[in-house]
Amino acid sequence: MKTLAFAAAILALLVVAGPVGAAARAPVVTAKLGKPPDSNDYAPCSLGCAIGWETTASSHLPPQGRNRYDAKRIDDGLVNTAWVEGRPGHGIGETVTYTFTPALFGEREKINFSGFYVINGYCKNPKTWRENSRVKRVLISYNNQPLCEAILHDSMNVQFIHLKTVWLRPGDIVTVTILAVYPGDKYQDTAISEMAPLGAH
Ligand SMILES: [Ca+2]
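Everything quoted here is computed from the prediction, not taken from an experiment.

Caption draft 1: Seen up close, the sheet that holds strand β10 (residues 173–182). If you walk across this open sheet you meet the 6 strands as β1-β8-β7-β10-β5-β3, and the pairing is mixed. Each edge of the sheet is formed by a strand with only one pairing partner; in this case those strands are β1 (28–30) and β3 (54–57). Shown here is a sheet whose adjacent strand axes are inclined to one another by a mean of 25 degrees, direction ignored.

Caption draft 2: Quick look at the pairing of β10. Relative to β10, strand β5 (residues 95–99) runs antiparallel, the two sharing 5 bridges. Pairing of T95 across the sheet is with T177, part of β10. Where strand β7 (residues 134–142) and β10 come together, 8 bridges link them in antiparallel fashion. Paired with L139 across the two strands is T177, which belongs to β10.

Caption draft 3: Summary view of the nonpolar core. With 44 residues, the main nonpolar core has W83, V118, I192 and M195 as its most contacted residues. Going through the elements one at a time, β4 (83–84), β5, β6 (111–120), β7, β9 (158–168), β10 and β11 (191–199) are the ones with two or more residues in this core. Per-element accounting of this core gives the leading share, 6 residues, to β6. Excluding residues within four positions of it along the chain, M195 makes contact with I74, D75, V96, F116, V118 and V176.

Caption draft 4: How the structure looks around the sheet that holds β6. One open sheet accounts for 5 strands, arranged β2-β9-β6-β11-β4; its pairing is antiparallel. Here the strands that pair on one side only, and so sit at the sheet edges, are β2 (32–33) and β4. By the bridge criterion, 8 bridges tie β6 to β9 in an arrangement that is antiparallel. For F113, the partnering residue across the bridge sits in β9 and is V166.

Caption draft 5: Here's a closer look at the environment of P126. Structurally, P126 is set in helix α3 (residues 126–131). When the 10 C-beta atoms within 10 Å are taken as the criterion, P126 is described as exposed. C-alpha separation for the pair P126 and M156, spaced 30 residues apart in sequence, amounts to 8.1 Å.

Calculation criteria
Residues numbered from 1 in each chain as written. Predicted model: local features only at pLDDT ≥ 70, side-chain atom pairs only at ≥ 80, totals over all residues. Pairing = 2+ DSSP bridges. Helix = DSSP H or I, 4+ residues; strand = E, 2+ residues; numbered from the N terminus. Axes fitted to C-alpha atoms, helices over the stretch in contact; angles between N-to-C directions. Core = buried A, V, L, I, M, F, W, Y, C linked by C-beta atoms within 7 Å. Buried ≥ 20, exposed ≤ 12 C-beta atoms within 10 Å, placed from the backbone. Contact = placed C-beta atoms within 7 Å.

Right, here's the structure in full:
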């Protein structure tokens, strides 16, 4: 009996310890699919209406002719320009970081952030969109702590990632990491035409 009781106690401990021992997984949200952008300079209300941010990326494709693919292209309000990652392969693990620098806050102590709007892929035209990879799944982190994973649609329409409100404070960063892609027909370059933080309203 003692052996049985001991075994039961060990089992109970294992059951209790299981979830704690395993790495905590961020919750998963699926983006809400909207309409096609109504013009090339599509720029709906975003957190940018209130304070703005600084955007950087872990890599980008070098310029080709007059086309530029740096991080500025991901929130320039133009559908026909895109940030394109610059690593060999599909850019799994590449990141885009939004920094909310203290100077942007002015008199504000904090501001609410509630997700992103995204125009996925290189949406210059349908051919370019198909030839380059699109983002399928991302990890969204807040000050380097996982906030959630988001699944994006393989579409040229606008899509929205809605998150539980996070209160951003001066110096905070939000990072988006590519976890999976929809491969392009021709290139292994993953592109995002627009991805801008939502909030403040
Ligand atoms: Ca753009």
